[in-house]
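Architecture at a glance
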Amino acid sequence: MKNPFRYGEVVTGEDFADRETELENIIRDLKAGQTIFLISPRRYGKTSLIINALKRLQKDGFLTAYIDLFKVSSFKSLLELYTGIVSRAAETKIERFNRLVRDFFPNIRPKVVITPDGSPSIEIDYEVKERSASKLFDEVYEAPQRIAKKRNKNFIVVFDEFQEIANLNGEVIEKGMRACFQHHDHVSYLFAGSRRHIISDMVSNKRRAFYNMGKVMPLGKIPVEEFKSFLEDKFSRTGFSLENGVLDEILDVTENYPYNVQFLCHELWNNCLDSRRVAYEDITPTMNRILDGQSAVYVTIWNTLPLHQKRILIAIASSGGENIFSRDFIRDNDLGAASSVQTSINLLMKKEIIEKEGNIYYISDVFFKIWIRKEMM
Ligand SMILES: Nc1ncnc2c1ncn2[C@@H]1O[C@H](COP(=O)(O)OP(=O)(O)O)[C@@H](O)[C@H]1O
Ligand SMILES: [Mg+2]
């Protein structure tokens, strides 16, 4: 029998819990041509939500393109990836794909290559210089609109991990995108990202190209009751019984982070397979096994951090991250000057090791926090 809990991958269909309101809202807005900025910390379920929404939109006859900017390392690779994905959304048969690429990308003249899984993709065999690239980018940015119009359909285009655009001289790209996208009446855009303040700044700062371009949609955690009934169902369908209150304890230990909840349940399911019963007392040993398994990763992260950043993480892990710029906090944790606390905090946020919610700073991976408490304090 297969373990029913999935983590570290996109979850769809019956592995995807709740999010019904969010799905409805996203689908409705995209159908109406509304641009959306979907933001949440990592591993909350943005990508899963997006993929589920795109599946539904495809069924309703929309063309859909999903671009993960983690896969983009240069202007050239952005051009290649975008061209390939947009073209594949419209045509998969190789002959037609070739023709579409010829018709819609006459200036780029990309080469079509066949990937090992048999699907076509795009290569550009010349160097793309940032300065001379704007004409090429216009051609690429216009393609969804032109394809959609020709087909008498609408296109949905998603840029996931959009904060990564900053690594490629984002300002130039943002300007180019805005100039094109604002005329697209056959395309809806969704930008998703995990660095909330970066994305919010893009949309709310008057000096930025994306100022007021769309609606910001923050994604929260999955409501406890919905998540519990999803988990309960997964356990019971595979013949497991649960001690009373065990699900509350699981959500408590994991602070209801979707990824961590599924991770812990996955391991509990494996550990309790013989008895098919999960009890309170199974949780701690299972957590310890998870931390052992993760420790190589955590040690590596830890060893790259300067002492001051380690101290801050220990302080946040032990206290919760309130009032961290207060004199008491700085003195109690031996953190030196407030300015150096600010510097370290900024660096830790940039590395996405910590997050900020209101005035509270917290460690983004709750298992890392538990590991710090266990190993470093
Ligand atoms: N709706 C959901 N139902 C169940 N598990 C979820 C859901 N959303 C996210 N998860 C869990 O969180 C993990 C990370 O989800 P993902 O969509 O990759 O998040 P993000 O894109 O925000 O980083 C998934 O592998 C899964 O374990
Ligand atoms: Mg994601």
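Here the structure is a predicted model, which is why all the values come from computation and not from measurement. (Residues numbered from 1 in each chain as written. Chains lettered and ligands numbered in written order. Predicted model: local features only at pLDDT ≥ 70, side-chain atom pairs only at ≥ 80, totals over all residues.)

This part takes up the nonpolar core. Formed by 52 residues in total, the largest nonpolar core has its most connected members in V140, F155, V158, L190 and F191. With 7 residues, the top contributor of residues to this core is helix α5 (residues 134-151). In contact with F155, other than residues within four places in its own chain, are L63, A65, P144, I147, A148, H186 and V187. Counting 37 residues, the second largest nonpolar core, distinct from the first, contains L231, I250, I316 and Y361. (Core = buried A, V, L, I, M, F, W, Y, C linked by C-beta atoms within 7 Å. Buried ≥ 20, exposed ≤ 12 C-beta atoms within 10 Å, placed from the backbone. Helix = DSSP H or I, 4+ residues; strand = E, 2+ residues; numbered from the N terminus. Contact = placed C-beta atoms within 7 Å.)

This brings us to the packing of helix α1 (residues 20-31) against helix α2 (residues 46-59). Where α1 contacts α2, the axes come no closer than 10 Å and their chain directions differ by 55 degrees. The pairing of α1 with α2 is recorded here as oblique in orientation. At the point where α1 passes α2, the crossing takes the right-handed sense. For the pair formed by α1 and α2, the contact residues are E22, L23, I26, I27 and L30 on the first element and L49, N52, A53, R56 and L57 on the second. Classifying every residue of the contact of α1 with α2 gives 7 nonpolar, 1 polar and 2 charged. (Axes fitted to C-alpha atoms, helices over the stretch in contact; angles between N-to-C directions. Parallel < 35°, antiparallel > 145°, perpendicular 65-115°, else oblique. Left-handed = near helix turned anticlockwise from the far one by under 90°. Nonpolar A, V, L, I, M, F, W, Y, C, P; charged D, E, K, R; others polar.)

Looking now at the site of ligand 1. In the vicinity of ligand 1 there are 22 residues, among which A17, G45, T47, S48 and Q262 approach most closely. Those elements giving two or more residues to the shell around ligand 1 turn out to be α2 and α10 (258-271). Considered class by class, the residues forming the shell around ligand 1 number 9 nonpolar, 6 polar and 7 charged. Residue assignment places the shell around ligand 1 across two domains, with domain 1 (19-218) and domain 2 (224-376) each supplying three or more. (Near = placed C-beta within 6 Å. Domains from an automatic or database assignment.)

Each assigned domain of the chain is listed with its residue range as follows: domain 1 (19-218) and domain 2 (224-376). Of note, the centres of domain 1 and domain 2, computed from C-alpha atoms alone, are 33 Å apart. Counting residues at the interface gives 7 residues for domain 1, matched by 6 residues for domain 2. Each residue belonging to the side of domain 1 that touches domain 2 can be placed in one class, and the counts come to 2 nonpolar, 2 polar and 3 charged.

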